[in-house]
Amino acid sequence: YPEMTPEVIKMVGGQDVANRLIANFEQSKKDLQEAIDLYKSSGMAEEKKPDVRLFIKLGKDAKYIRKYDFAISTLESVFNYYDKSDIALINMAHVYEDMGEYQKAIDTYLRFYDMFGVQVQQFHLDIMKDYMALGDKANVIKYYEEFRKEGYDSEEVKQYITTP
């Protein structure tokens, strides 16, 4: 696992923790593959679809060991089985944020809005923080105005937009 550099191992709490994270990842991979195989062997019976939670667990386990591309592809593969998944999109956005791919995170939150409707209190703050990371003050202001209109506020965002 080349992603598990000495710095990452230290960050996660040492080699023992890193080994557990890798073992969890391998087990999650096995569990999801077994569920997919069962689904296929059932003739793709609707009631045998692999549980969304298996995808989410594998995506998170991949993220923990810095296999970001694997995490994204796993979470995206939920949509091969289900039309909608809020938890897959939310986790995908978090992976993109961990990768520093803030525009992709924003796009994923917007995809959530397209799929489930705008939820200002839930994701506007995340979107504003991602735009802040990109240095896009105009979009921060746009989302902040909507956020305030709904009765919410953020001192961090307010300070960002009022600083020249």
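Residues numbered from 1 in each chain as written. Predicted model: local features only at pLDDT ≥ 70, side-chain atom pairs only at ≥ 80, totals over all residues. Heavy atoms only, no water.

**Observations regarding the packing of helix α4 (residues 68–76) against helix α5 (residues 86–99)**
Here's step 1: α5 packs onto α4 with a crossing angle of 165 degrees between their chain directions and a minimal axis gap of 9 Å. Here α4 lies roughly antiparallel to α5, going by the angle between them. In this structure, the crossing between α4 and α5 has a hand that is left-handed. Facing α4, whose interface residues are Tyr68, Asp69, Ala71, Ile72, Leu75 and Glu76, α5 presents Ala88, Asn91, Met92, Val95, Tyr96, Asp98 and Met99. (Axes fitted to C-alpha atoms, helices over the stretch in contact; angles between N-to-C directions. Helix = DSSP H or I, 4+ residues; strand = E, 2+ residues; numbered from the N terminus. Parallel < 35°, antiparallel > 145°, perpendicular 65-115°, else oblique. Left-handed = near helix turned anticlockwise from the far one by under 90°. Contact = heavy atoms within 4.5 Å.)

**A few points about the nonpolar core**
Here's step 1: Residues Met4, Met92, Ile127, Met128, Val140 and Val157 are the most contacted members of the largest nonpolar core, which totals 48 residues.
Here's step 2: If sequence neighbours within four positions are ignored, Met92 has contacts with Ile72, Leu75, Glu76, Phe79, Thr108 and Arg111. (Core = buried A, V, L, I, M, F, W, Y, C linked by side-chain atoms within 4.5 Å. Buried < 20%, exposed > 50% of the residue type's maximum accessible area, 1.4 Å probe, protein only.)

**Let's talk about the pattern of salt bridges**
Here's step 1: Evaluated as defined, the whole model comprises twelve salt bridges.
Here's step 2: Taking the shortest distance from any N to any O, the salt bridge between Glu3 and Lys67 comes out at 3.1 Å. Pair noted here: Glu3 is in the segment before α1 (6–12) and Lys67 is in the loop between α3 (52–64) and α4, with a separation of 64 residues, a long-range link.
Here's step 3: A relative accessible area of 23% means that Glu3 is categorised as partly exposed.
Here's step 4: Among the ionic pairs, Glu34 bridges to Lys30, the shortest N-O distance being 3.3 Å. Linking Glu34 with Lys30, this pair stays in helix α2 (residues 15–41), spanning four residues, or about one helical turn.
Here's step 5: Looking at Glu34, the relative accessible area reads 45%, which means it is partly exposed.
Here's step 6: In this structure, a network of salt bridges that share partners links the residues Arg148, Asp153, Glu155 and Lys158. (Salt bridge = Lys/Arg side-chain N within 4 Å of Asp/Glu carboxyl O.)

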